[in-house]
Structures are given as C-alpha cells and as structure tokens.
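Reading the structure
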Amino acid sequence: MPLPARAEVVVVGAGLAGLSVATRLVDAGRDVHVLEAAAHAGGRLATERVDGFVVDRGFQVFNTGYPRAADLDLPALDLGWFTPGAVVWDGGRAHRVVDPRRHPTAALDTLRSPLGPLPRKAAVAAFSARAGYAPVSRLLAAPETSADERLARAGVGPAARSRFFGPFLAGVLLEDRLETSSRYLDLLWRSFVRGATGLPARGIQAIGEQLAGRVGAERLHHGVRVGAVSGSSVTTDAGRVQADAVVVATDPATAAELVPAVQASAPRQVTTHYHVLPASPWPDPLIVLGTPGGHLVNSVVLTDAQPAYGPDGRALVASNSLAPTREVDVREEVARLHGVAVADLEHLTTVTVTGAQPAALPPLQLRRPVDLGGGLFVCGDHRDTPSIQGAMASGRRTAAAVLRSLRSGTPAGAA
C-alpha cells in the first residue's frame, strides 16, 4: 500500500510496542498508519525456517505471567509449554529443580538438588512466594539493591545463586553478575511464579504477526525507512506523511537517533547456537543450566516443549552464550550438558543478536515518559522493563497518551 500524504497518527516501528499502540488506536476508531523498515512485523521477535526447523532470532519464550498477556489471543498462538524449573548439573549428575506446586511428583528431586541445605531451599520457596503473591506496590517499595544482594538478603545461599539463579536469570537478563535491579528481579520472578512459559507453534514472531493482523494490512507499510520525525510529520525514503501525532516505537538506538532528547540503549547481547539431535535425551521439557566456567548459560531442547519447531521428530537444541562464541567453542559443552555424544550433534545455524535488550540496573526507572510534547511520543521496552511485557505495557501507556492528546486538540505534556 502507498503511504498516505496525511494520517491522524503515524507509528514508526512495527515491533511489539508500536503494534500495541496501533491496535488500541484502531480499536478507538483512529486513522493510524505504521511504518516499518523490515519485511516482517514483531521487531526483535523474528523467526525463520532453516531446513524445515522453526528458528527464532535467539532463544525467546513467552510468559503468560506477564500482565499484558491479556492483550493476546493465547489459544490462537498454539503454545507448547516448558516444565517450570531447570536441570542443574553437579558432580557429573543432572538434577531436576521443578516447581513442586505444579509437579508434586518432582518434589523429592528438588529437595535432593544441590542448592544447599534444607533451610536454604526453604528460603528459595519463601522468596518465590513473596515475589509471586505480595502486592506489586510492596515489591516496588522495598529498598532497591542488586538482584544478587536481594537473593542473599532473602536467605538464598551461594549454591542456589551460583548453580540455579545465576545461569537461569542470565538467560533472561542477558547478564551473569546478577547486577540487575532487585525490583526488576521481583517483578520478573513474579511472572515465573504466576505464569507458564511456552513457544508459539509458528515461532516467536507469531506474537507480532497476531497484533499486526489486528492493525490491518492496509495500515502497515513495510520496507519504509524513516529519516526524520517531528510532532506533525514523518520523513521517509518513500515520501513525507503529515500527522496530528507521531509515535517513535523503534529499537533504542534508532529512537535516540530520531529523537535526540531520548536517551536509550540496548547493551545486552546473546549468541544462540542451534543443533539437531536424532532424538531428545530428556523425559520432559526442562531448560538445562550452564555450569561455572563454561561458555553457555543454558541449553534447551525446543522441540520437547513445542514439537512444531521440528519437521520430522528430530530434536532441535538451542544453546546460549552472552559473549559471541563460535560453534566449535561450545560443541563439546552442548554435548556434555545433554549427555550425548559430540558426533550426534548436527550444527544447524548460529545467531548473534546485538542490542538484544536494555539493561535494568538500579535505580530501576519504570514508566519513563512517553509523551515528549508537541505531538511527539516515544515507546518501547526502554521506557518500561526490558521484556515483551515492557514493550507491550509501554505501547498501552503511549496509546492512552496519544488519545488524550487527540481529544484535547493540544499536546498533553509528559505522561
């Protein structure tokens, strides 16, 4: 579809934040158009097929514990589920650490796991209960420190922090020092306690595609590069569009280039190595945590959780390192984590994602302003929390701010 000369609202970027803005504006009956440089909707949530396997741009999962999961048609995503927990290696043995509330038969395995003596394991349970069920206002009012210090003050011992929380959270936060804000740790752990993690049958990109479908193909313009923005117009390589409001919903670096007043960056990165095995070596879909001194923070058989990721019954394995690594650097480690022969691993592809997500260091800045005044708005996970939840929550706030501005007919000020 050609660009219109004028639109009520122009959204720059068809990632989850921009699509979340656009769906709400469409539902409100507003004339909105979304400009996207890439050929697909969903931003960093991207998927391709490699030799018949569904390969996401890095290992990503969807968590139903995110409050903004309510914005999606979850049954339509046909999610396949991971078992809540992880495999921890110690002394040459694999130990299952599983949420006993959901899998009572695994309680004995968890009690026997190398996470310290029983009082330390009880501290893990108490931390999880508080994060999961205390009011959010209480979590945010607690003194802020690092995630590591927060766990230590909760009585979680060094064994549990180094063998379980460290590598588990490294795969989510994309940092392995647990230096992330304790407040974000609480919010993140709340989502794990209250929700389930899974993969859409068509890949993680299906989340963005679902939102894009609600916006409508006639309002989405792919392959359009934006060079400049103001509160009343957008200049692109395909022409200029006048607007009553403009929303910049790009990645942090692009947002900072288009709007110098925005200070945002995404310093975290991840390298994901995809391998194929003749069959899965595990009885259930659990993430396998990396061991101290290794390259990998985790490795997981994706097809155990979502069989649709594979074309023929073979197992698809994703292994993640925070530093750029070569496949040859991690091949033996992947085999060791899964207890298979190196020769059984067939390398499928390797993906390195730079600028994968913003950091969430203390002090955590939740709900940064999205209304910059003069009809110009900005949103993305750099305005809330570095997650699918943060991107969609930012989009929701921005849509509300845009609607207020349009109804008043004058810039609304910071929101």
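The name that an unreviewed UniProt entry assigns to the chain is Flavin containing amine oxidoreductase, with the source organism given as Geodermatophilus dictyosporus.

All right, on to the pattern of salt bridges then. Within the structure shown, the criterion is met by 23 salt bridges. For Arg101, the salt bridge identified is with Asp99, shortest N-O distance 2.6 Å. Exposure remark for Arg101: the relative accessible area of 45% places this residue in the partly exposed category. Salt-bridge contacts for Asp384 lead to Arg397; the nearest nitrogen and oxygen are separated by 2.9 Å. Linking Asp384 in the loop between strand E20 (376-378) and helix H13 (388-408) with Arg397 in helix H13, this pair joins segments that are 13 residues apart in sequence. Look at Asp384 and you get buried, because its relative accessible area is 10%.

This next bit is on the UniProt feature "domain: Amine oxidase" (unreviewed entry) in the chain. Annotation from UniProt places "domain: Amine oxidase" (unreviewed entry) at residues 16-403. Annotated as 34% helix and 24% strand, the span residues 16-403 places its first and last C-alpha atoms 19 Å apart.

Core analysis: the biggest nonpolar cluster contains 51 residues, and Phe164, Phe165, Phe168, Leu169, Trp189 and Leu302 have the highest contact counts within it. Looking at this core, the element that brings in the most residues is helix H7 (residues 158-173), giving 7 residues. Excluding anything up to four places from it in sequence, Phe164 contacts Ala86, Val88, Val97, Leu115, Ala159, Trp189 and Leu289. Ranked by size, the runner-up nonpolar core spans 41 residues in total, among them Val21, Ala41, Leu220 and Ala391.

We now examine the packing of helix H1 (residues 16-27) against H13. Look at H1 against H13: their axes get within 7 Å of each other, and the N-to-C directions meet at 40 degrees. In this view, H1 runs oblique relative to H13, as classed from their interaxial angle. Considering the relative orientation of H1 and H13, their crossing is right-handed. Side by side, H1 and H13 meet where Leu16, Ala17, Ser20, Val21, Arg24 and Leu25 of the first sit next to Ile388, Ala391, Met392, Gly395, Arg396, Thr398, Ala399, Val402 and Leu403 of the second. Looking at side-chain class alone, the contact of H1 with H13 contains 10 nonpolar, 3 polar and 2 charged residues.

This paragraph deals with the packing of H7 against helix H8 (residues 182-194). Viewed as axis vectors pointing N to C, H7 and H8 meet at an angle of 90 degrees, and their least axial separation amounts to 12 Å. Considered as vectors, H7 and H8 are oriented roughly perpendicular to each other. Together, Phe164, Phe165, Phe168, Leu169, Val172 and Leu173 of H7 and Tyr184, Leu185, Leu188, Trp189 and Phe192 of H8 make up the contact between the two elements.

Here Val32 is to be found in strand E2 (residues 32-36). As for Val32 and Leu178, which are separated by 146 residues in sequence, their C-alpha atoms are 41 Å apart.

Conventions we followed
Throughout, residues of each chain are indexed from 1 in the direction in which the sequence is written. Under the rules for a predicted model, residues below a pLDDT of 70 receive no local features and side-chain atom pairs below 80 are neither given nor counted, while totals for whole chains, interfaces and linings still include all residues. Hydrogens and water molecules were not included; the side-chain quantities draw on all heavy atoms of the structure. Any Lys or Arg side-chain nitrogen found within 4 Å of a carboxyl oxygen on Asp or Glu counts as a salt bridge. The buried label applies to any residue whose accessible area, calculated with a 1.4 Å probe on protein chains only, is under 20% of its type's maximum; exposed applies above 50%, and partly exposed to all values in between. Only runs of H or I of at least four residues qualify as helices and only runs of E of at least two qualify as strands under DSSP, and these elements are numbered from the N terminus. UniProt positions are given in the numbering used here, feature names are shortened, and annotations may be inferred rather than shown by experiment. Nine residue types can take part in a nonpolar core, namely buried Ala, Val, Leu, Ile, Met, Phe, Trp, Tyr and Cys, and a core is a set of them joined through side-chain atoms within 4.5 Å. Note on definitions: a residue-residue contact is assigned when non-hydrogen atoms from the two residues lie within 4.5 Å. Whenever a helix is involved, its axis is fitted only over the stretch in contact; in every case the axis is a line through C-alpha atoms, and angles between N-to-C directions fall within 0 to 180 degrees. Comment on the angle field: the value is read as roughly parallel under 35 degrees, roughly antiparallel over 145, roughly perpendicular from 65 to 115, and oblique elsewhere. Take the far helix as the reference: if the near one is turned anticlockwise from it by less than a right angle, the crossing is left-handed, and if turned clockwise, right-handed. Ten residue types, Ala, Val, Leu, Ile, Met, Phe, Trp, Tyr, Cys and Pro, are classed as nonpolar, four, Asp, Glu, Lys and Arg, as charged, and the remainder, Gly among them, as polar.

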